[in-house]
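Observations on the model geometry
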Amino acid sequence: MINRQFGFSILILLVTFVLGFSQDIKITAHVDKNPVGADEQFTYEVEVSGASQSLPDVDLPDFADFAILGGPSVSSSYQIVNFNMSASKSYSMVLMPRQTGTFKIGPAAITYKGKTIKSNTVDVTVTKQSGGSSQRRQAPGRSSRGSQNESDADLSKVLFLDVIPSKRTVYVNQEVTLRYKIYFRTQITNNEVSKLPEAVGSWVEEYPIDSRPKIYTENVKGVQYNVAEIKKMAVFPSRPGKITISPLELIVETVVRRRRRSTNDLFDNFFSDPFGQVVKKRISSGPVEIKVLPLPEAGKPDNFSGLVGDFKIHSSVDKQATETNDAISYKVNISGRGLLQILNNLPVEFPPDFEVYDPKVNQSVNKSGAAITSNKEFEYVLIPRAAGEQRIKAVEIPYFNPQDRRYHSLKIPEYKIRVAQGKEVAMGVGSGAGLSKEEVRLLGKDIRFIKEDVAEFRPIGELPYENVWFIVSLVLPLLVLGAAWGYRNHLEKMSSNVQYARSRKAGKHAQMRLKEAKTFLNQKKAAEFYSAVSRGLIGYVADKTNQPAAGLLRDDVKGLLLKSNINGELESEFMTCLDEADFRRFAPGEVTDADMKNFYQKSEKILMKLGKFL
Amino acid sequence: MKKFLGINIFLIFVLAGLSFGQTGHQKEVFLQANQNYAKQNYEGAIELYQKILKQGYENSDIYYNLGNCFYRLNQVGNAVLYFEKAHKLNPHDPDIEYNLELANLRIVDNIQLPPRFFLFNWWDAVKNYYSPGQLTYVVSVLFAVTIFLLIIWLYAKSYRLRRWLMTFVVTAGVIAVFWSYIFLIRIHEYKSHRDAVVLTSTETVYSAPDEGSTDVFVLHEGAKVKLDDQRSGWMEISLPDGKSGWIKSQALGII
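What counts as what
- Residues numbered from 1 in each chain as written.
- Chains lettered and ligands numbered in written order.
- Predicted model: local features only at pLDDT ≥ 70, side-chain atom pairs only at ≥ 80, totals over all residues.
- Contact = placed C-beta atoms within 7 Å.
- Helix = DSSP H or I, 4+ residues; strand = E, 2+ residues; numbered from the N terminus.
- Nonpolar A, V, L, I, M, F, W, Y, C, P; charged D, E, K, R; others polar.
- Pairing = 2+ DSSP bridges.
- pLDDT = per-residue confidence, 0-100.
- Axes fitted to C-alpha atoms, helices over the stretch in contact; angles between N-to-C directions.
- Parallel < 35°, antiparallel > 145°, perpendicular 65-115°, else oblique.
- Left-handed = near helix turned anticlockwise from the far one by under 90°.

1. Quick look at the interface of chain B and chain A
- Listed as interface residues are 47 residues of chain B and, on the opposing side, 42 residues of chain A.
- Mapped onto the side of chain B that touches chain A, the elements with two or more residues apiece are helix H1 (2–38), strand S1 (57–58), helix H3 (60–72), helix H5 (94–105), helix H7 (132–155) and strand S4 (215–220) of chain B.
- Per element, the largest residue contribution to the side of chain B that touches chain A is 12 residues, and it comes from H7(B).
- Across the side of chain B that touches chain A, the residue classes break down as 25 nonpolar, 16 polar and six charged.
- Taken together, the two bridges between strand S32 (residues 458–459) of chain A and S1(B) define a ladder with antiparallel strand orientation. By the bridge assignment for S1(B), A:Pro459 is matched with B:Tyr57.

The structure is reproduced here in structure tokens:
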């Protein structure tokens, strides 16, 4: 019971499922061969079927691991069976593996009524050898029959690709020329590049190749081949080390003739398929390894920019003499073997008075010769802004020549350009910008007039302190100060020091007495005259020695004189003079005028002499 | 001793008299040059002014007038040179300052001075207020005033008067010592420090006294530089902003 019920329910489920399914769309993918030989082609097919009349287009998967030889080709069909319409559409692609291994071809997809329906994925195994038994089982492809008996080794004997590098060891940035040659002994109907060589870390230049390459014959290990150079390229490795240039891969359509194993059959070639079979064959040149040497350090110039090759330089200036604000053209042309891409700008130093615009650079690469030659032209436009002899300094551009393995340099000579003062058009613009308000105010003004008054002239280069007046002006006040100081000291002593004052005044007092005496002399009063002289003489000694003059007797004076180290002669002279005065004072009768005059002169002399000692 | 001093003083006056006597002729030439200038014969005026200079005499007026002549002839370098020479001898003449400023406006190089601490600027302003020639007057007048006050003080009787006088003496003395010190500095600078002006329209300054050496910078007519060193045909110069190098000496006019 339960079983029956269960079975019934399944039946209903199935019916509904089938009904629903038949209205839906089915998408399946498959390949015609699996496994596949590495150099065989196969067909990948996606089939879409459904009840709908308009089947959607298929989004094909990515065939990254395979080379697409053909397709997609679309075929569609309609069927009406028992009033049920069904349509199917198939997409087929002819593919060829790139490498051996197992690869997954992703699902193809359609979008139908807003839903995305995906097909199954297909795993393809690629073997070195051709697909073997599976080949026969699958629907025959165009080429499958041809390659059935022709072994892979046989084909590579009649058809191969080779690459010949010009050098295996190069310096950085030195050119390696790679020639790709196809060697063949069969008829090639078509060829197609499936993979281009890649040289990572290098600059690659392609040589032009005729679309119909010249075919010549070459003997390889005793076998004559037809050879065509199908590709020539130049590789400039940009860093030292080892670089590998990946192989060039071609897919070649060639005609092969089926052969029986017994080659002694005379009619074999004749009877066996005289037109042969067209076979698609993938051939590879094989990678190239190149050893890249670093540039030698010895003799490497400081400003070396990495230029490698063999170059020539030519430079020119369109005028040697110009005016300010009149443009000059400075041209430098460098050409030769090697790449000039590295040289972005010239290390030229222009005088700061030149306004320099970015150079116009023309660069061309010539590939017609045996090696790549380049040509680069720099054209600078210079506008001199100041007059004078301007120098564009000589420049050396170093490069490395791999031929002689030395550093050389390209020399631009020095150019001297005479710049005359042109019309001052730009002056106001150039200098006006940095001016302050104050300066702008002055711009239109004129200088003040010369000085017309005659001023004193001074000797040139005279140091200020060498001027006589200056020295006088310093010395004179000092002298005055000294004098003033001395005089003040004198005055002070006079007022405070009695001895000093008396001593300084002694002469004066004595003089006064003598003057008094003279009046007495004139009046012929002999007694008064002698008394005055005597007082003068005694008073002088008293003043000089600071003794009270009043009570001073003859002997006291003598003692004072003896005390003050006066020589004996002067002392006795003084004493006789004094004695004479005393004597005459009290006996005045017998004196004459002449005696008095004589005596006056004598005492004057004695006082003068005494002044030097006391 | 007294006799010797007397002879010295006598000699000094004789020499001073001689130096006065010789300038009579120069005055005539100066007036003649001024007339040439007024007639716009600037070359003739320059020739006559230079004649006085060649005879070994100078003053700020000759330099100022020469600067004017060169300015009129559009020789900015020489104009700046002679205005600077005039300014050096006479730092506070408004005419000299004005014309120098105008001449400097026509110079290409605008040398930016690095900012300085304000005290240094004050010090420089004080220090350069007088020319060394003017400082001789300042110093001798201050010296004389100090001595004069000191003499009065010597004879002053009243205590209060003496006290007052002493403060005056000390003040005058300090001021005199200060200016004497500045005078000594200026004389030292005068002997060691020299400025120059570029006379050619463009002149390259090299890193060494050799035309093959690296270019450091370029100077134009009228640029004022400081001289640091000298070698045959070359002078080492520096700019107020610190740049320095070697320049051909024939391109420079020394202030």
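2. A closer look at the confidence of the model for chain B
- The share of residues in chain B with pLDDT of 70 or more is 91%, and the mean pLDDT across the chain is 85.
- For this predicted complex, the interface confidence score (ipTM) comes to 0.74, while the overall pTM stands at 0.49.

3. Description of the sheet that holds strand S23 (residues 321–323) of chain A
All names here are of chain A.
- With mixed pairing, three strands are arranged side by side in an open sheet as S23-S31-S28. Unpaired on one side and paired on the other, S23 and strand S28 (388–392) mark the two borders of the sheet. Each neighbouring strand pair of the sheet contributes to a mean axis angle of 30°, computed without reference to strand direction.
- Of the strand pairs in this sheet, S28 and strand S31 (residues 415–420) are connected by five bridges, and their pairing is antiparallel. Among the inter-strand pairings, Glu389 is bridged to a residue of S31, identified as Arg418.

4. Remarks on the packing of helix H4 (residues 76–89) of chain B against H5(B)
Residues and elements named next belong to chain B.
- Two elements in contact, H4 and H5, have axes whose closest approach is 9 Å; the angle formed by their N-to-C orientations is 155°. With respect to each other, H4 and H5 are oriented roughly antiparallel. Of the two possible hands of crossing, H4 and H5 adopt the one that is left-handed. Listed contacts from H5 to Val76, Ala79, Val80, Phe83, Glu84, Ala86 and His87 of H4 are Ile96, Glu97, Asn99, Leu100, Ala103 and Asn104.
- A per-class count over the contact of H4 with H5 returns eight nonpolar, three polar and two charged.

5. Quick word on the packing of helix H11 (residues 554–563) of chain A against helix H12 (residues 568–586) of chain A
Residue and element names in this part refer to chain A.
- At a minimum axis distance of 11 Å, the contact between H11 and H12 shows a crossing angle of 165°. By the angle class used here, H11 and H12 are roughly antiparallel. Relative to H12, H11 is oriented so that their crossing is right-handed. The segment H11 lies against H12, with Arg554, Val557, Lys558, Leu561 and Leu562 engaging Glu571, Phe574, Met575 and Leu578.
- Broken down by class, the residue content of the contact of H11 with H12 amounts to six nonpolar, no polar and three charged.

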